[in-house]
Structure formats: C-alpha cells, structure tokens
Amino acid sequence: MSVTPLDAILDLNTLEQYVSAIGAGTLLKSVVLFEQLMPEYLGCLIKANDDGDKEALCSEAHKFKGAAGSVGLKRIQQFAQLLQHGEEAKWADEHKTWLAEIVDHAESDLQQLKLFLQAKA
C-alpha cells in the first residue's frame, strides 16, 4: 500500500500560516466544527448525486470546497473543486470518481489534519 505524502493531503503552507496567526488550538476548534458538519456535507453530496441533480451536486461541492479549504484539507478540496464545475467537458465522465475520492478520503484526511494540529499545539 502506498502512503500519500502529507502535503498532498493537507495545505501545509496555509496551515502553518494559520498556526502562526491564531495558534493550533484555535484552528483545531474550527476543525472540530468541520468534523461535526462533515457527515451533513457528505450526505448532501451523495443525495444530490443519487438524485441525479447536477445543479445541487455542483452547489454542494462548492460549499464543501470552501469548508474543506478553510481548514486546510487540500486533497478533498481539490476534488470538490473539480466536482463543482458541471460545465466542464470531463465532468459527466469523471464526477462520480471525484465524489468517491471525497467520500473515501474525507475521514482519514480529517484525522491526519487533527494529528498535525495536535502535534503543533
């Protein structure tokens, strides 16, 4: 099994800036809030996809992208970025893969983020 480098999972540059500015403990509080909201975010993405509602899926992906980015979750933010752009030619063929990547990695990426911040606190 290959190991994904931390800088592919987390936006380390942004996180370091946040930690310097507000402290790891304060940022960790935001991460805990994101963690509480994540099941709802993922549920909305999955429901929109299952309903075949492209507009809702793109809208929910946009919201999720912003939330993930605000706490430094780089990999899932990047997949949400792709997912939000339903007008792109490759969207029809790729959107289910992008959604699966978000669902598959959201929890483990979040745990990596928490460990990173706990080590900085």
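Refer to the structure presented above.
First, a word on what this report is: a plain description of the structure on this page. (Residues numbered from 1 in each chain as written. Predicted model: local features only at pLDDT ≥ 70, side-chain atom pairs only at ≥ 80, totals over all residues. Heavy atoms only, no water.)

### Here's the deal with the overall build of the protein chain
- Scanning the protein chain from terminus to terminus reveals six helices and zero strands.
- Reading the protein chain from its N terminus to its C terminus gives the helix and strand order α-α-α-α-α-α.
- What you see for the protein chain is a C-alpha radius of gyration of 15 Å, in line with the 14 Å of a compact globule of 121 residues.
- Across its three principal directions, the C-alpha atoms of the protein chain cover 45 × 30 × 25 Å.
- By residue count, 39% of the 121 residues in the protein chain fall in the buried class.
- Total accessible area on the protein chain stands at roughly 6700 Å², and carbon and sulfur atoms take up 53% of it.
- Treating the 11 positive side-chain charges of the protein chain as one cloud and the 18 negative ones as another, the clouds have centres 4 Å apart. (Helix = DSSP H or I, 4+ residues; strand = E, 2+ residues; numbered from the N terminus. Rg over C-alpha atoms; globule rule 2.2 N^0.38 Å. Buried < 20%, exposed > 50% of the residue type's maximum accessible area, 1.4 Å probe, protein only. Areas by Shrake-Rupley, 256 points an atom, 1.4 Å probe, with all protein chains shown as cover. Lys, Arg positive; Asp, Glu negative; His and termini not counted. Charge placed at Lys NZ, Arg CZ, Asp CG, Glu CD.)

### Focus on the side chain of His 95
- Along the polypeptide, His 95 turns up in helix H6 (residues 91-120).
- Looking at His 95, the relative accessible area reads 11%, which means it is buried.
- Here the side chain of His 95 touches Asn 49 through a polar contact of 3.5 Å, side chain to side chain.
- If we ignore the near neighbours within four places in the chain, the residues touching His 95 are Asn 49, Leu 57 and Leu 83. (Polar contact = N/O pair within 3.5 Å; in protein donor to acceptor, adjacent residues only side chain to side chain. Contact = heavy atoms within 4.5 Å.)

### A few points about the packing of aromatic side chains
- The final tally for this structure, using the stated rule, is three aromatic pairs.
- Look at Tyr 41 and Phe 64: their rings are 5.7 Å apart centre to centre, the planes differ by 70 degrees, and that puts the pair in the edge-to-face class. Residue Tyr 41 is found in helix H3 (residues 24-50), and its partner Phe 64 is found in helix H4 (residues 54-70); the two are separated by 23 residues along the sequence.
- A network of ring pairs unites the aromatic residues Phe 34, Tyr 41 and Phe 64 as a single cluster. (Phe/Tyr/Trp six-rings, centres within 6.5 Å; stacked < 30°, edge-to-face > 60°.)

### Focus: the packing of H4 against helix H5 (residues 74-84)
- Interaxial distance between H4 and H5 falls to 8 Å at its minimum, and their mutual angle equals 155 degrees. Comparing their axes, H5 and H4 come out roughly antiparallel. The two elements H4 and H5 cross, and the hand of that crossing is left-handed. Residue-level contacts link Leu 57, Cys 58, Ala 61, His 62, Phe 64, Lys 65, Ala 68 and Gly 69 of H4 to Ile 76, Gln 77, Ala 80, Gln 81, Leu 83 and Gln 84 of H5.
- Within the contact of H4 with H5, the residues separate by chemical class into eight nonpolar, five polar and one charged. (Axes fitted to C-alpha atoms, helices over the stretch in contact; angles between N-to-C directions. Parallel < 35°, antiparallel > 145°, perpendicular 65-115°, else oblique. Left-handed = near helix turned anticlockwise from the far one by under 90°. Nonpolar A, V, L, I, M, F, W, Y, C, P; charged D, E, K, R; others polar.)

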